[in-house]
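Examination of the molecular architecture
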Amino acid sequence: MSPRSPFSALRWLIALLVLGGMLFLLVERAPEQSIPEPVEVPTEALVVTDTASEVFGEPLPALQSLEELDLDTPPARRGLDLQHWQTSQGTPVYYMHADELPMLDVQILFAAGASRDGELPGLAGFTNAMLNEGTGNLDAGDIAAGFERLGAQFSNSAHRDMGLLGLRTLTASDKLEPALSLFAQILAKPSFPEASLQRIREQMLAGLRYARQRPDSQASEALWSTLYPGHPYGIPPDGTQESINAITREDLQRFQQTYYNASNAVIALVGAVDRQRAEQLAQHLADAMPQGDAAPRTPAPEPVSASTQHIDFASNQTHLLIAQQGISRDDPDYAALYLGNQILGGGGFGSRLVHEIREQRGLAYSPRSTFSAMQAPGPFYISIQTRADQAEQALDVANQVLDEFIRSGPTDTELSRAKQQMLGEFPLSTASNGAIVSQLGAIGFYDLPLNYMQLFLDRVQALTSEDIRDAFARQLPADRRVIITVGPPQPEPEQDSSDTESDSAAQTTESEDA
Amino acid sequence: MLPLRYLLLLLPLLTPLAHAESRQPTHSYTLDNGLKVIIREDHRAPVVVSQVWYKVGGVDEPPGQTGLSHALEHMMFKGSEHLEPGQASHLLSSLGASENAMTSRDYTAYYQMLSRDQLPVALELEAERMHLLTLPEDEFIKEIEVIKEERRMRVDDNPNGLAYERFLAQAYTANPYRQPVIGWMHDIERMSIEDLRAWYKQHYVPGNAVLVIVGDVYPETVKPLVERYFGAVPAGAKPVVRTPLELSAPGERSMTLHLDLQLPTLLMGFNVPSLNTASEAWEVHALRLLGAVLDGGYSARLPSHLERGQAIATSVGTGYDAFTRGDSLFVFSGIPNEARNIDLPQLEEAIWQEIDELKQNPPSEDELARVQAQVVAGLVYAQDSIMAQANRIGELEVVGLSWELVDEDTAALQAITPEQISEVARRYLVRDRLTRSYNLPLAEEAQP
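Residues numbered from 1 in each chain as written. Chains lettered and ligands numbered in written order. Predicted model: local features only at pLDDT ≥ 70, side-chain atom pairs only at ≥ 80, totals over all residues. Heavy atoms only, no water.

Chain B appears in an unreviewed UniProt entry as Peptidase M16 from Pseudomonas abyssi.

In the nomenclature of an unreviewed UniProt entry, chain A corresponds to Peptidase M16 from the organism Pseudomonas abyssi.

If you want it as structure tokens, here you go:
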């Protein structure tokens with residue numbers, strides 16, 4: 001359910017079609033779990049358990065390897081010398097030197113997501129897709145050929161909070177310098193050529209149509225519009241037919257000037273360039289960007305009360321979502337909710353939802369729960385796809401699992417297991433330059449401390465079962481729970497439960513906009 | 001980050017090259033019971049990937065029993081002699097390891113990525129289920145329902161997935177590549193646990209598998225571990241692995257599907273050899289470069305001429321997997337730009353023009369230089385991921401090619417002349433080898 005522009009969705013579709021032979025036929029047993037959120041660098045004193053069975057809290061299989069495993073020592077990790085400074089314009093830069101491979105990853109994150117669309121839904125995605133369509137007297141083909149003949153890879157994407165530009169290049173100077181120079185030109189003077197404008201518009205409109213054939217897109221759209229009425233997160237990032245047709249070249253230029261500026265950017269760099277060179281490169285990129293102001297922080301949404309809705313769709317399965325507003329990325333409850341969600345349904349096999357829905361009952365292939373922590377409180381949701389006649393049963397089970405978790409929190413066994421899991425995941429989540437640059441970008445964009453990964457893991461390891469139960473109970477009150485189903489018409493019409501419009505008293509989060 | 005993933009996906013022909021310069025020491029040997037082992041050292045981070053690849057996939061399944069390999073893959077997580085159903089996954093996730101499995105037409109593979117100190121756990125678990133799988137019937141009865149949900153999600157409720165399944169059923173005429181890996185629903189419905197027990201017994205033996213380990217390890221310490229856990233697996237009878245072969249001129253096939261689509265899509269597939277089946281390897285490398293000239297980046301011909309330029313296509317691309325066990329397909333797919341009243345026959349015509357142009361005129365030096373630059377850079381980028389490295393080694397070995405090909409790949413591609421690219425277009429992109437599918441929204445009719 002990650003936000004994306006229809007443009008990229010369409011490219012993704014064609015990639016799937018083209019590579020069907022590899023993708024469609026590679027039937028994975030479970031959908032790829034996304035890379036875990038930044039977890040922390042373990043400190044020596046963290047792990048105090050002695051034996052495997054204490055860690056896992058259950059009878060263990062008779063495995064030699066397990067008996068010999070040293071669980072007293074945290075797993076070894078890659079040394080991470082994270083550094084931070086600002087360019088002369090004040091653009092924050094996050095950097096790590098990694099010289100094992102002669103390559104550099106650059107990621108620039110702008111507060112230029114769909115939440116800034118205003119009256120023109122799709123404007124952020126449209127602008128982002130136009131950035132590499134022309135600069136100075138270069139057209140889209142010149143730009144693409146420019147990167148490709150250097151072996152450099154340019155990337156761009158737009159989401160609800162942010163617009164991203166990325167570059168992966170070799171660091172040999174005959175590659176690095178021209179690649180960065182071209183990248184800087186895109187930042188400096190995108191030309192929004194008329195021919196591209198019309199083509200991208202057509203592709204976005206096609207993308208909107210494509211979304212109509214996907215039940216998951218329908219469900220996602222309903223989720224955001226229901227949870228965020230009148231809020232920037234309720235804006236459909238792919239736009240509407242009317243808005244996409246209405247967007248003009250001036251709108252795009254204005255959006256680019258307003259949001260793709262040096263004061264509204266975070267630069268992350270990981271690769272084989274030393275600190276001095278990295279400072280020069282970052283300064284060069286910031287110099288290329290327009291000057292301007294940082295975008296204001298996205299406000300917290302008004303609470304939304306419980307409701308149920310069904311969208312008719314000609315499919316075999318019903319897609320169901322249990323959703324409500326969750327938390328922002330800097331919420332003090334973030335660690336408790338993150339860890340708790342791993343146990344509830346975010347951690348794949350072993351989590352309660354997967355156990356109850358898939359393993360015990362065979363109802364669905366990939367049930368899961370997610371906290372999408374964003375600049376303003378993003379959604380919490382449980383998603384399940386199941387044969388239509390089982391939808392009600394799946395919904396009941398999922399609601400019971402959630403209610404029980406909110407009522408009682410995790411068991412001690414689940415808690416120690418989840419903590420161990422996060423210690424073990426850390427080395428994996430920082431194994432590649434690509435993973436690190438993304439983490440650095442997120443730290444910068446959400447204005448987290450440089451040692452955030454450390455702090456986060458410290459917090460996680462200190463959590464108690466009661467901390468998690470308490471956080472879930474406060475953040476997920478049952479009278480705000482929204483149910484969305486997309487699938488064949490339901491046998492008995494659902495009672496419209498939107499009569500529970502009583503004002504829910506207090507703000508659920510104490511965290512936001514402190 | 002979708003565009004980046006897209007970019008990587010659209011360069012499939014480049015990925016094999018990614019490891020051409022094996023700077024990391026790589027060790028290859030075979031255990032007494034026949035298990036092939038490949039260990040590649042990569043000491044950048046203290047993590048390791050362990051993968052077991054079995055030479056069994058959808059292509060090995062007899063008619064009426066499609067989906068066996070995939071169902072068995074699911075059941076591999078449902079317990080073995082010392083492990084309850086789901087217990088191994090539970091254990092691995094407790095350690096923070098990531099694991100998964102995949103089934104393709106040619107193979108079934110299982111992997112774990114974990115901290116280097118935990119490698120023995122992964123090896124022991126994997127060795128145990130290589131020969132001591134329980135296959136309990138009560139678990140099968142639940143899991144087969146999960147598989148049906150998986151099929152509904154991936155195929156039956158996904159009109160593009162459905163279209164591709166139908167397309168493959170036509171594009172291969174003389175071998176089982178036409179069968180869906182996940183299985184036809186009617187075959188899934190009549191599958192029994194006995195079928196899976198027989199399938200397991202027949203195919204899951206060390207001599208039919210490859211173990212790939214990539215990461216922060218040294219052979220001195222890993223080899224004894226491998227011997228300790230996998231050495232104990234009995235050799236068993238090695239199954240015959242057959243190469244799926246296609247007719248050289250099956251004849252032009254055409255189909256029209258009306259599906260719950262919003263956008264019409266075109267699929268055109270040409271029956272072509274793979275590196276395994278080509279009588280001359282250069283043909284395959286030339287086909288890969290042909291794909292790159294057409295679609296190896298946003299500056300390649302199809303995006304330049306058909307998406308931009310004339311704006312005939314909303315989206316268009318090619319795909320060719322040269323590293324399959326048997327004969328392969330060279331596929332074009334596209335969505336016509338309806339905003340400019342382009343229909344499927346017009347898009348097809350435009351693609352033919354691009355093909356004919358290449359048949360007559362070899363690509364330019366400049367185009368090939370761009371492709372080569374991406375290839376060389378791709379070598380470096382792919383080393384950022386130990387998973388990608390392990391996948392490449394495994395994908396080659398499991399279809400009977402040597403992992404060492406990665407070291408020779410750059411040279412093989414650089415040896416191809418522009419004229420050879422035109423030559424393979426003339427030989428293989430011909431109507432006798434074509435399967436064309438027009439996939440239309442329900443309400444629309446195909447234009448003649």
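**Describing the overall build of chain A**
Tallying secondary structure elements over chain A gives 19 helices and 14 strands in all. Out of the 514 residues in chain A, the part that is buried amounts to 63%. In chain A, the share of contacts with a sequence separation of at least 24, taken over all contacts with a separation of at least 6, comes to 84%. Here chain A has roughly 18,300 Å² of accessible surface; of this, 49% comes from carbon and sulfur atoms. (Helix = DSSP H or I, 4+ residues; strand = E, 2+ residues; numbered from the N terminus. Buried < 20%, exposed > 50% of the residue type's maximum accessible area, 1.4 Å probe, protein only. Contact = heavy atoms within 4.5 Å. Areas by Shrake-Rupley, 256 points an atom, 1.4 Å probe, with all protein chains shown as cover.)

**Some points on the interface of chain A and chain B**
Across the boundary between the two partners, chain A contributes 107 residues, which contact 111 residues of chain B. Approximately 9,500 Å² of surface area, both sides summed, lies buried where chain A meets chain B, with 61% of it carried by carbon and sulfur atoms. Counting the contacts that link chain A with chain B gives six salt bridges. Note that B:Arg340 is salt-bridged to A:Glu202, the shortest N-O span being 2.9 Å. Taken together, the links from chain A to chain B amount to 37 residue pairs in polar contact (both at pLDDT 80 or more). Among the elements that take part in the side of chain A that touches chain B, helix H1 (residues 6-18) of chain A stands out by supplying nine residues, more than any other. (Buried area = accessible area lost by both parts, 1.4 Å probe. Salt bridge = Lys/Arg side-chain N within 4 Å of Asp/Glu carboxyl O. Polar contact = N/O pair within 3.5 Å; in protein donor to acceptor, adjacent residues only side chain to side chain.)

**What to know about the UniProt feature "domain: Peptidase M16 C-terminal" (unreviewed entry) in chain A**
According to UniProt, the positions carrying the feature "domain: Peptidase M16 C-terminal" (unreviewed entry) are residues 247-422 of chain A. Between the end C-alpha atoms of residues 247-422 of chain A there is a gap of 45 Å, over a span that is 43% helix and 20% strand. (UniProt positions renumbered as here; feature names shortened; annotations may be inferred.)

**Considerations on helix H6 (residues 140-148) of chain A**
The element H6(A) is largely enclosed, with a buried count of eight among its nine residues. All of the buried residues in H6(A) are A:Ala140, A:Gly141, A:Ile143, A:Ala144, A:Ala145, A:Gly146, A:Phe147 and A:Glu148. Taken together, the buried residues of H6(A) touch strand E5 (134-135), strand E6 (138-139), strand E7 (153-158), strand E8 (163-170) and helix H7 (173-188) of chain A together with helix H13 (365-382) of chain B. For H6(A), the capping residue at the N-terminal end is A:Asp139, with a side-chain oxygen 3.0 Å from the backbone nitrogen of A:Gly141.

**A closer look at the domain arrangement of chain A**
Quite often, the size of an interface is put as the accessible area lost when its parts meet. Residues and elements named next belong to chain A. Examined at the domain level, chain A breaks down into domain 1 (79-288) and domain 2 (300-487). Just the C-alpha atoms count here: the centres of domain 1 and domain 2 sit 28 Å apart. Each partner contributes to the interface: domain 1 provides 40 residues, whereas domain 2 provides 39 residues. Put simply, domain 1 and domain 2 have nine residue pairs in polar contact (both at pLDDT 80 or more) between them. For the side of domain 1 that touches domain 2, the secondary-structure elements that each account for two or more residues are strand E2 (82-86), strand E3 (92-97), strand E4 (103-110), helix H9 (215-227) and strand E9 (265-271). At 10 residues, H9 tops the list of elements feeding residues into the side of domain 1 that touches domain 2. Taken together, the residues that form the side of domain 1 that touches domain 2 break down as 24 nonpolar, eight polar and eight charged. (Domains from an automatic or database assignment. Nonpolar A, V, L, I, M, F, W, Y, C, P; charged D, E, K, R; others polar.)

**Some remarks on the domain arrangement of chain B**
Residue and element names in this part refer to chain B. Split by domain assignment, chain B resolves into domain 1 (24-230) and domain 2 (253-441). On a C-alpha basis, the centres of domain 1 and domain 2 stand 28 Å from each other. Taken together, the contact pairs 42 residues of domain 1 with 36 residues of domain 2. There are three salt bridges connecting domain 1 and domain 2. For aspartate 384, the salt bridge is made with arginine 44, and the minimal N-O distance between the two is 3.0 Å. The interface formed by domain 1 and domain 2 holds 11 residue pairs in polar contact (both at pLDDT 80 or more) in total.

**Things to note about the pairing of E7(A)**
Residue and element names in this part refer to chain A. Across the six residues that make up E7, a large majority, six, are buried. Relative to E8, E7 is paired through six bridges, and the arrangement is antiparallel. Paired with asparagine 156 across the bridge in E8 is leucine 165. As consecutive antiparallel partners, E7 and E8 are separated by four residues. (Pairing = 2+ DSSP bridges.)

**Section: the sheet that holds E4(A)**
All names here are of chain A. Pairing in this open sheet of six strands is mixed, and the strands run E2-E3-E9-E4-E8-E7 from one edge to the other. Of all the strands in the sheet, the pair left with one neighbour each is E2 and E7. Each strand axis lies, on average, 15 degrees off the axis of its neighbour in the sheet, ignoring direction. Strands E4, E7 and E8 of the sheet are contacted by H7, whose axis makes an angle of about 165 degrees with E8. (Axes fitted to C-alpha atoms, helices over the stretch in contact; angles between N-to-C directions.)

**A look at the UniProt feature "domain: Peptidase M16 N-terminal" (unreviewed entry) in chain B**
Here, UniProt's "domain: Peptidase M16 N-terminal" (unreviewed entry) annotation points to residues 36-182 of chain B. Taken end to end, residues 36-182 of chain B comprises 42% helix and 19% strand; its first and last C-alpha atoms sit 27 Å apart.

**Digging into the pattern of salt bridges**
One pass over the structure, following the stated rule, counts 53 salt bridges over all chains. The salt bridge involving A:Arg387 is made with A:Asp389; its shortest N-O contact spans 2.8 Å. Judged by its relative accessible area of 25%, A:Arg387 is partly exposed. Its salt-bridge partner being B:Glu165, residue B:Arg166 comes within 3.1 Å of it at the nearest N-O pair.

**A short note on the pairing of strand E6 (residues 209-215) of chain B**
A regular strand carries its side chains on alternate faces of the sheet. Residues and elements named next belong to chain B. When you tally the buried positions in E6, you get seven out of seven residues, the bulk of the element. Of the two faces of E6, the one holding Ala209, Leu211, Ile213 and Gly215 and the one holding Val210, Val212 and Val214 are both buried throughout. Pairing between strand E2 (residues 36-41) and E6: six bridges, direction parallel. Within E6, the position partnered with valine 37 by the bridge is leucine 211. One ladder, built from seven bridges, connects strand E3 (residues 47-54) with E6; its direction is antiparallel. Note that in E6 the partner of glutamine 51 across the bridge is valine 212.

**A look at the UniProt feature "domain: Peptidase M16 N-terminal" (unreviewed entry) in chain A**
Per the UniProt entry, the sites bearing "domain: Peptidase M16 N-terminal" (unreviewed entry) are residues 106-235 of chain A in this numbering. Along residues 106-235 of chain A, the helical share is 49% and the strand share 18%, with 29 Å between the first and last C-alpha atoms.

**Description of the side chain of A:Gln256**
Along the chain, A:Gln256 falls in helix H11 (residues 249-259). The residues touching A:Gln256, leaving out its near neighbours within four places in the chain, are A:Thr127, A:Leu131, A:Leu187, A:Pro190, A:Phe192 and A:Pro290.

**Structural notes on the packing of helix H16 (residues 412-429) of chain A against helix H18 (residues 452-462) of chain A**
Residue and element names in this part refer to chain A. Taken N-terminus to C-terminus, the directions of H16 and H18 make an angle of 160 degrees; their axes are 9 Å apart at the nearest point. By the angle between their axes, H16 is roughly antiparallel relative to H18. Both H16 and H18 take part in a crossing whose hand is left-handed. Along the contact surface, H16 presents Lys419, Met422, Leu423 and Phe426, while H18 presents Met453, Phe456, Leu457, Val460, Gln461 and Ala462. Across the contact of H16 with H18, the residue classes break down as eight nonpolar, one polar and one charged. (Parallel < 35°, antiparallel > 145°, perpendicular 65-115°, else oblique. Left-handed = near helix turned anticlockwise from the far one by under 90°.)

**Details of the nonpolar core**
Residues A:Ile108 and A:Phe183 are the most contacted members of the largest nonpolar core, which totals 117 residues. Summarising the domain contributions, this core has at least three residues from each of domain 1 (79-288) and domain 2 (300-487) of chain A. Those residues within four positions of A:Phe183 in sequence are excluded, and the remaining contacts are A:Val106, A:Ile108, A:Phe147, A:Phe154, A:Leu165, A:Gly166, A:Leu167 and A:Leu285. By size, the runner-up hydrophobic cluster in this structure holds 70 residues, among which are B:Val272, B:Leu289, B:Leu294 and B:Ile393. (Core = buried A, V, L, I, M, F, W, Y, C linked by side-chain atoms within 4.5 Å.)

**Some details on the packing of aromatic side chains**
One pair of aromatic rings is described through two measures. These are the centre distance and the angle between the planes. Residues and elements named next belong to chain B. This model, assessed by the stated rule, comprises 28 aromatic pairs over all chains. Centroid distance phenylalanine 270 to tryptophan 352: 5.7 Å. Interplanar angle 90 degrees. Geometry classified as edge-to-face. Taken as a pair, phenylalanine 270 in strand E8 (residues 265-272) and tryptophan 352 in helix H12 (residues 344-360) lie far apart in primary sequence, 82 residues in all. No difference in accessibility class separates phenylalanine 270 from tryptophan 352, as the two residues are buried. (Phe/Tyr/Trp six-rings, centres within 6.5 Å; stacked < 30°, edge-to-face > 60°.)

**Considering the confidence of the model for chain B**
All names here are of chain B. In the predicted model, chain B carries a mean pLDDT of 92, and 94% of its residues have values of at least 70. Counted against residues more than four places away or in other chains, residues 1-22, with its pLDDT under 50, gives 69 contacts. Per the prediction output, this complex has pTM 0.89; the corresponding ipTM is 0.90. (pLDDT = per-residue confidence, 0-100.)

**Quick word on the packing of H16(A) against helix H3 (residues 87-94) of chain B**
At a closest axis distance of 7 Å, the pairing of H16(A) and H3(B) adopts a crossing angle of 60 degrees. Across from A:Arg417, A:Gln420 and A:Gln421 in H16(A), the residues of H3(B) making contact are B:His90, B:Ser93 and B:Ser94. When grouped by side-chain class, the residues that make up the contact of H16(A) with H3(B) number no nonpolar, five polar and one charged.

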